[in-house]
Amino acid sequence: MGFSVFHLISLLILWSFLQQSSYAIKRSYIVYLGSHSHGPNPSASDLEFATNSHYKLLGSHLGSHEKAKEAIFYSYNKHINGFAAILEEEDALEIAKNPNVVSLFLNKGHELQTTRSWGFLGLESDGIVPKDSIWEKARYGEGVIIASIDTGVWPESKSFSDEGMTPVPSRWRGICQLDNFTCNSSIDAKAANATIEDAKLCKVGTLDPKKAKGKILVCLLKEFDGLLYAEEEALSTGTVGLILANNKQLGNDIMPFAHLLPTSHINYTDGEYVYSYIEGTKIPMAYMTRAKTLLGVKPAPVIASFSSRGPNPIQPTILKPDITAPGVDILCAGSEAVSPTGLASDNRRIPYNIGSGTSESCPHVSGIIGLLKRLYPNWSPAALKSAIMTTAMTLDNNNRPILDQSKEEATPFAYGVGHIQPELAMDPGLVYDLNTVDYLNFLCGHGYNLTQIRMFSRVPHICPKSYNMYDFNYPSITVPNLGKHSVEVTRTVTNVGSPGTYQVHVKAPIGVSVLVEPRSLTFNEVGEKKRFKVFLKGIEVSKAASGYVFGGLWWSDGKHKVKSPLVVKHN
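About the criteria used
Residues numbered from 1 in each chain as written. Predicted model: local features only at pLDDT ≥ 70, side-chain atom pairs only at ≥ 80, totals over all residues. Heavy atoms only, no water. Helix = DSSP H or I, 4+ residues; strand = E, 2+ residues; numbered from the N terminus. Buried < 20%, exposed > 50% of the residue type's maximum accessible area, 1.4 Å probe, protein only. Areas by Shrake-Rupley, 256 points an atom, 1.4 Å probe, with all protein chains shown as cover. Pairing = 2+ DSSP bridges. 1 Å grid on protein atoms, 1.4 Å probe; cavity = no way out; pocket = protein on both sides within 12 Å on 5 of 7 lines; lining within 4 Å. Points joined across faces, edges and corners; volume = space filled by probe spheres on them. Nonpolar A, V, L, I, M, F, W, Y, C, P; charged D, E, K, R; others polar. Polar contact = N/O pair within 3.5 Å; in protein donor to acceptor, adjacent residues only side chain to side chain. Contact = heavy atoms within 4.5 Å. Core = buried A, V, L, I, M, F, W, Y, C linked by side-chain atoms within 4.5 Å. Axes fitted to C-alpha atoms, helices over the stretch in contact; angles between N-to-C directions. Left-handed = near helix turned anticlockwise from the far one by under 90°. Salt bridge = Lys/Arg side-chain N within 4 Å of Asp/Glu carboxyl O. Disulfide = S-S within 2.5 Å. Phe/Tyr/Trp six-rings, centres within 6.5 Å; stacked < 30°, edge-to-face > 60°. Lys NZ or Arg CZ within 6 Å of the ring centre and 35° of its normal.

Quick question: what am I supposed to make of the overall build of the protein chain here?
Assigned secondary structure in the protein chain consists of 16 helices and 20 strands. Across the 571 residues in the protein chain, those meeting the buried criterion constitute 38%. Accessible surface, the protein chain: about 34,300 Å² in total, of which carbon and sulfur atoms supply 55%.

In structure tokens:
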């Protein structure tokens, strides 16, 4: 048989392929080791010690210190403890088994993100901002000054960097009051002397280290205040992980937290399943995997249990709350002056954390108001507020009524007018406006005397002889004492859109007759104002309909839907 040049080339290619496949593919991995033993302000020797500990750990697997230094291309030696290295898959799998390794994963490139709020609010889709977005139209709020009142900030955070921003507007008349900072633009591990109940709560001194070490413990959570001490107790006994199960009172409340050790927080129902499994299994087993981010969760939004509820205790004719915005599990700047838990035993210092509450929801609203102010610089604060309130949504992403965290249908006392919708707020059609005199008259109606009112007004203000609190031109309508006689409410709307005719639509609260006069409003120009009256009267209803009932009123021209909740209490 002859041997051609073609055969020779084929053999060479095959030999070359076999040679290449004999070398294992190396990839970039991140090896995470948890927290450092040094404090938040490490010295040069602390940093060097941390880096050398990384070489030592990897060298114990690769065979030498030199091989470890060659493989590691980045050492996380300050805030978090770990390193990035080029490794073969077999080596990576062995390193992951090391008891000092918290987790090991492939090093992947990620696009810089701040939070998921923007997509959730419809401002962007898959990282792309539409040209007709309020972001683009308002030039991302360029030149707008926003004041946010809170308990304080960490000025050094990159969240407050003015890199790439325009200079502070010349009209700014404020001052900087920051020192040393420049302003810019399983429960079988109980101790012998402890009760099962106390051990379930992981109270101090209730766990036996010999039984808890290396275990994943199930801890009954009765209150969030005791969470830190339960985790400290578990950590001190060598526990490797925690499952926090809510008691019946906490129910479905799941709170984000900077846990001291790997932790899974589950609700009451899931906790009952776990306890049932432990009690019915001779050797119960558990394992934990790295947390995953779930997108497109339904239903959403859901009103948090800790969110403040109505009615308004100070002035019942004003709906509480006004509006709902993202405020749960929000990535936010954190103080590096203290640990994320606030415990002295916690040496971690992190520039960002996950937070929940008004400190997270208010900046969302402030940012949207800033965009609207850029679009409409001459609008009053009341007009801007009206725009976000009358365009809010009361349906979730299942197109069903927004739920409470208890999985019951929420009411305006939980979400106000609804969840904020910035794209719709950009074109509200009509607004409910207010001026300084309106606010001063409101204070008069609330019982303020002339001396008190002078604190709010630079010029003398004479209170009217009589003032009907129901006539305060607010985007929501609340009647806290509807009796046998009808209640008359007056409102004025201002056209901020194109000319057109608006028709009124009403969903009357149970046991309430609602009449609106007139039933249509025609506008010929921007800035034109029209007044209407709403007459509410109680009708005979069952006892089940007593107390507060809810409905709605909205004006529509076919394009816009200017909504106001109707909140009424049968007296």
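Next, the rest of the story.
What is the right way to look at the pairing of strand β18 (residues 529-538) in this model?
Here is the key point about a regular strand: its side chains alternate between the two faces of the sheet. Here strand β14 (residues 487-495) pairs with β18 via 8 bridges, running antiparallel. Pairing of R491 across the sheet is with F532, part of β18.

I'm lost on the layout of surface pockets in this one. Help?
Any space left empty among the atoms is revealed by the rolling of a water-sized probe across them. Taken as a whole, the second largest pocket encloses approximately 830 Å³ of empty space. Mapped onto the lining of the second largest pocket, the elements with two or more residues apiece are α13 (412-415), β19 (547-556) and β20 (561-570). At 7 residues, the largest contribution of residues to the lining of the second largest pocket is made by β19. For the lining of the second largest pocket, the residue count by class is 19 nonpolar, 7 polar and 4 charged.

Can you help me understand the side chain of S564 in this one?
Turning to its location among the elements, S564 is positioned in strand β20. Of the polar contacts made by the side chain of S564, one reaches the backbone oxygen of P475; its length is 2.5 Å. Among all residues touching S564, those that are not within four sequence positions of it are Y432, P475, S476, G552 and L553.

How should the nonpolar core be read in this particular structure?
Note that soluble globular proteins tend to have their nonpolar side chains buried in a common cluster. With 30 residues, the main nonpolar core has I134, I323, L372, W379, I388, I420 and F472 as its most contacted residues. Looking at this core, the elements with two or more residues in it are α6 (134-137), α11 (358-375) and α12 (381-390). Looking at which element gives the most residues to this core, the answer is α12, with 6 residues. Not counting chain neighbours up to four residues away, the residues in contact with I323 comprise I388, M389, A392, Y415, G416, V417, G418 and I420.

Would you mind showing me how to read the sheet that holds strand β17 (residues 520-523) here?
Each strand in a sheet pairs with another by means of backbone hydrogen bonds, the pair being arranged parallel or else antiparallel. Taken in spatial order, the 5 strands make up an open sheet running β13-β20-β19-β15-β17, and their pairing is mixed. Looking along the sheet, the strands with just one partner apiece sit at the ends: β13 (477-482) and β17. Here the strands of the sheet are splayed against their neighbours by 20° on average, with no regard to which way each runs. The sheet contact formed by strand β15 (residues 500-507) and β19 spans 5 bridges and is antiparallel. Its bridge partner being in β19, K507 is matched across the sheet by G552.

Can you walk me through the packing of α11 against α12 in this structure?
Closest axis-to-axis distance for the α11/α12 pair is 10 Å, and the angle between their directions is 115°. Considering the relative orientation of α11 and α12, their crossing is right-handed. Residues V365, I368, I369, L372 and K373 of α11 form the contact with α12, whose own contacting residues are L384, K385, A387 and I388.

What is the right way to read the pattern of salt bridges from this model?
Summed over all chains, the structure comprises 8 salt bridges. Note that K97 and E94 form a salt bridge whose closest N and O atoms lie 3.4 Å from each other. Judged by relative accessible area, E94 falls into the partly exposed class, the value being 43%. In this structure, K385 engages D322 in a salt bridge whose closest nitrogen and oxygen atoms are separated by 2.9 Å.

What is the right way to look at the sheet that holds strand β4 (residues 103-106) in this model?
Spatially, β2-β3-β1-β4 is the arrangement adopted by the 4 strands of the open sheet, whose pairing is antiparallel. The two strands at the open ends of the sheet, each matched to only one other strand, are β2 (72-76) and β4. Averaged over all neighbouring strand pairs, the angle between strand axes comes to 20°, with direction disregarded. This element, helix α4 (residues 89-96), spans β1 (26-34), β3 (81-88) and β4 of the sheet and lies at about 150° to β3.

Teacher, can you tell me more about the state of the cysteines here?
Put plainly, two cysteines are in a disulfide when a covalent bond ties their sulfur atoms together. According to the stated counting rule, one finds 1 disulfide in the structure shown. A sulfur-sulfur separation of 1.9 Å characterises the disulfide bridge that pairs C444 with C463. Sign of the S-S torsion, about -75° for the bond between C444 and C463, identifies this disulfide as left-handed. In this pair, C444 is assigned in helix α15 (residues 436-445) and C463 in the loop between α16 (450-453) and β13, connecting sequence segments 19 residues apart. On the accessibility criterion, C444 (13% relative accessible area) is buried.

Whenever I open this one, the packing of aromatic side chains confuses me. Can you help?
Considering all chains together, one arrives at 13 aromatic pairs under this definition. An angle of 70° between the planes, with centres 6.5 Å apart, marks the rings of Y432 and F532 as edge-to-face. Here Y432, found in the loop between β12 (430-431) and α15, pairs with F532, found in strand β18; they are 100 residues apart in sequence, far enough to count as distant. Exposure remark for Y432: the relative accessible area of 2% places this residue in the buried category. Of the residues examined, F532 reaches a relative accessible area of 1% and is grouped as buried. Plain terms: the ring middles of F532 and W555 are 5.0 Å apart, the flat faces sit at 65° to each other, and that makes the pair edge-to-face. Within this pair, whereas F532 is found in strand β18, its partner W555 is found in strand β19, the two being separated by 23 residues in sequence. Assessed through its relative accessible area of 0%, W555 is described here as buried. Linked through ring pairs, Y439, F442, F472 and Y474 together constitute an aromatic cluster. One residue, R290, lies across the ring of F105, its end atom 4.3 Å from the ring centre.

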